[in-house]
Structure formats: C-alpha cells, structure tokens
Amino acid sequence: MGIMDGFKARKALMNHQKGKFAEARAAYEQLYAGGYLSAAYMLPYSVMLLREGGEENYLKVKEILKKAEKAPDLDPSRRQELLMDYAVAQYKLGELEKAVNLLEASHRKGACGVTYQALGFLYIEAGDAEKALAYNQEALDYDDEDPVVLDNLGQTYYRLLGDKEKAKEYFDKAHEIKESQIDTLYFLAQYDKEAGDKTAALAKLEKAMEGRFSPLNYATREKVQAEIDALKQ
C-alpha cells in the first residue's frame with residue numbers, strides 16, 4: 001500500500017465521476033480487498049453500492065464504513081458523510097429506528113443540509129406526522145430553496161397529513177427549483193392522474209425514469225415503471 005494505491009484510487013474516482021461505473025467498482029473492490037484504508041475512495045464505493053441496492057450491498061456498506069472510521073484521511077466533513085451513508089444502509093436493512101437515532105446524533109453535533117434532507121425523509125417513513133412536520137419546517141428555515149426539503153414537506157402533507165392541496169404548494173416550488181427531482185415528479189404525476197391528464201402524468205413519470213435513483217427515493221424505479229405501464233394500457 002502506498003503511492004500506487006493512491007494513484008489507483010484517484011483513477012477509480014475519475015472513472016466513477018465519468019460514469020464508468022464498472023471500471024470504478026472493479027478498482028474499488030481491488031483496493032478494498034488489498035486492505036487500502038482511505039475514506040477518499042471508501043465513501044464513494046459505499047455510495048455506489050447503496051445506489052445499486054440489495055441486502056448484500058447494504059451489509060457490505062456497513063462493513064466498509066466501519067473500517068473507514070479508522071482511515072487517516074477521515075476529516076469532519078467525510079465523517080459526516082460516513083454517518084449519513086451508514087444510516088442509509090441501516091434504513092434499507094429495515095433498521096429505521098437505528099438510522100434515525102444515528103442521524104439525530106449527527107444533527108445535534110451540527111446542522112447541515114444533507115442531514116436535514118435525510119432525517120426529514122426518515123421521519124416521514126417512520127410515520128411520525130408531528131415530528132416530520134416540525135423537523136421539515138425547521139429544515140425549510142435553514143434553507144428555503146432546498147428542493148429536497150421542499151419535497152419532504154410536500155410528502156409530509158401528502159402522505160401523513162392527507163392535505164394534498166397544501167402538499168402541492170411545496171411540490172410545485174420544489175419542481176421550479178429542480179425539474180428533474182424524481183419524487184417530486186412522481187407526486188406531481190399523481191395530481192395529473194387525478195385531473196384526468198394522463199399525458200402530463202406520463203411525461204413526468206418518464207422524466208423521472210431518466211434520473212439517478214437514490215436509496216432515499218420514495219418512488220423507486222420499479223414503482224415509477226409500474227405507473228408508466230398502467231398509464232399506457
């Protein structure tokens with residue numbers, strides 16, 4: 001381990017950034033198997049596995065991130081990312097309460113946009129309407145132009161409070177800021193369907209399918225595709 005490993009890690013990161021995922025993953029796996037300890041590649045490797053999905057990958061992420069805690073280049077910013085990714089893996093493995101507790105602890109140490117985004121969504125997933133509303137309103141006060149936060153508020157009203165009219169205000173604003181946001185497109189398509197405008201709904205859902213799905217998307221690729229198939233029947 002040394003200079004050559006560092007070079008291989010940088011090359012893997014470049015391939016990852018360029019969308020050459022197979023090459024990047026192969027390099028990440030080789031570096032990890034060889035025992036190279038560096039958060040610089042272990043965190044992107046974990047994100048790649050989270051996006052691929054599957055129980056095996058989620059368990060692997062937890063293993064990688066536990067080792068990454070000892071990486072010499074794990075600065076405060078990377079540690080925050082590590083905690084976020086670990087919490088996401090927990091959530092996807094059915095450990096929602098543990099994921100929430102971890103992000104709450106992270107939030108207490110210092111507020112940041114990504115924690116507001118993730119924890120706000122997990123409160124919705126937990127079905128706690130009061131806590132989800134209060135936290136997502138706090139997140140909006142922190143950044144009133146964050147499209148994920150706006151979408152989280154939309155989902156809070158839509159999914160937990162049953163106030164679709166209020167929810168749409170937040171979905172519309174989120175869409176104005178980021179037209180490609182998958183969950184926002186999914187929920188706005190539901191309004192189109194209710195209005196009988198299948199063409200508009202289909203356009204939004206097909207646009208959503210062009211995006212990169214995240215483990216924290218309410219609308220999974222399978223769910224969006226099922227909606228498209230139903231509309232085309």
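Treat the numbers as computed from the prediction; the structure is a model and nothing was measured.

**Q** Describe the packing of helix H8 (residues 129-142) against helix H9 (residues 147-160), with residues and values.
**A** Closest axis-to-axis distance for the H8/H9 pair is 9 Å, and the angle between their directions is 155 degrees. When the axis of H8 is compared with that of H9, the two are roughly antiparallel. Two packed elements cross with a definite hand, and for H8 against H9 that hand is left-handed. Along its contact with H8, which presents Ala129, Ala132, Leu133, Asn136, Gln137, Ala139 and Leu140, the element H9 presents Val149, Leu150, Asn152, Leu153, Thr156, Tyr157 and Leu160.

**Q** Break down the packing of aromatic side chains for me, citing the residues and quoting the values.
**A** Tallying each qualifying case throughout the model produces 17 aromatic pairs. Between Tyr32 and Tyr45 the ring centres are 6.3 Å apart and the planes differ by 65 degrees, which places this aromatic pair in the edge-to-face class. One end of the pair, Tyr32, is in helix H2 (residues 21-33); the other, Tyr45, is in helix H3 (residues 39-52), and 13 residues separate them in sequence. With relative accessibility at 10%, the residue Tyr32 sits in the buried group. On the basis of relative accessibility, which here comes to 3%, the residue Tyr45 falls in the buried class. Measuring from centroid to centroid gives 5.8 Å for Tyr158 and Tyr191, while their planes differ by 75 degrees, and the two rings are edge-to-face. Of this pair, Tyr158 sits in helix H9 while Tyr191 is found in helix H11 (residues 182-194), placing the two residues 33 residues apart along the sequence. With relative accessibility at 17%, the residue Tyr158 sits in the buried group. Tyr191 sits in the buried class, given a relative accessible area of 12%.

Rules behind the numbers
- Residues numbered from 1 in each chain as written.
- Predicted model: local features only at pLDDT ≥ 70, side-chain atom pairs only at ≥ 80, totals over all residues.
- Heavy atoms only, no water.
- Axes fitted to C-alpha atoms, helices over the stretch in contact; angles between N-to-C directions.
- Helix = DSSP H or I, 4+ residues; strand = E, 2+ residues; numbered from the N terminus.
- Parallel < 35°, antiparallel > 145°, perpendicular 65-115°, else oblique.
- Left-handed = near helix turned anticlockwise from the far one by under 90°.
- Contact = heavy atoms within 4.5 Å.
- Phe/Tyr/Trp six-rings, centres within 6.5 Å; stacked < 30°, edge-to-face > 60°.
- Buried < 20%, exposed > 50% of the residue type's maximum accessible area, 1.4 Å probe, protein only.

Such coordinate-based values are descriptive only and should not be taken to indicate function.
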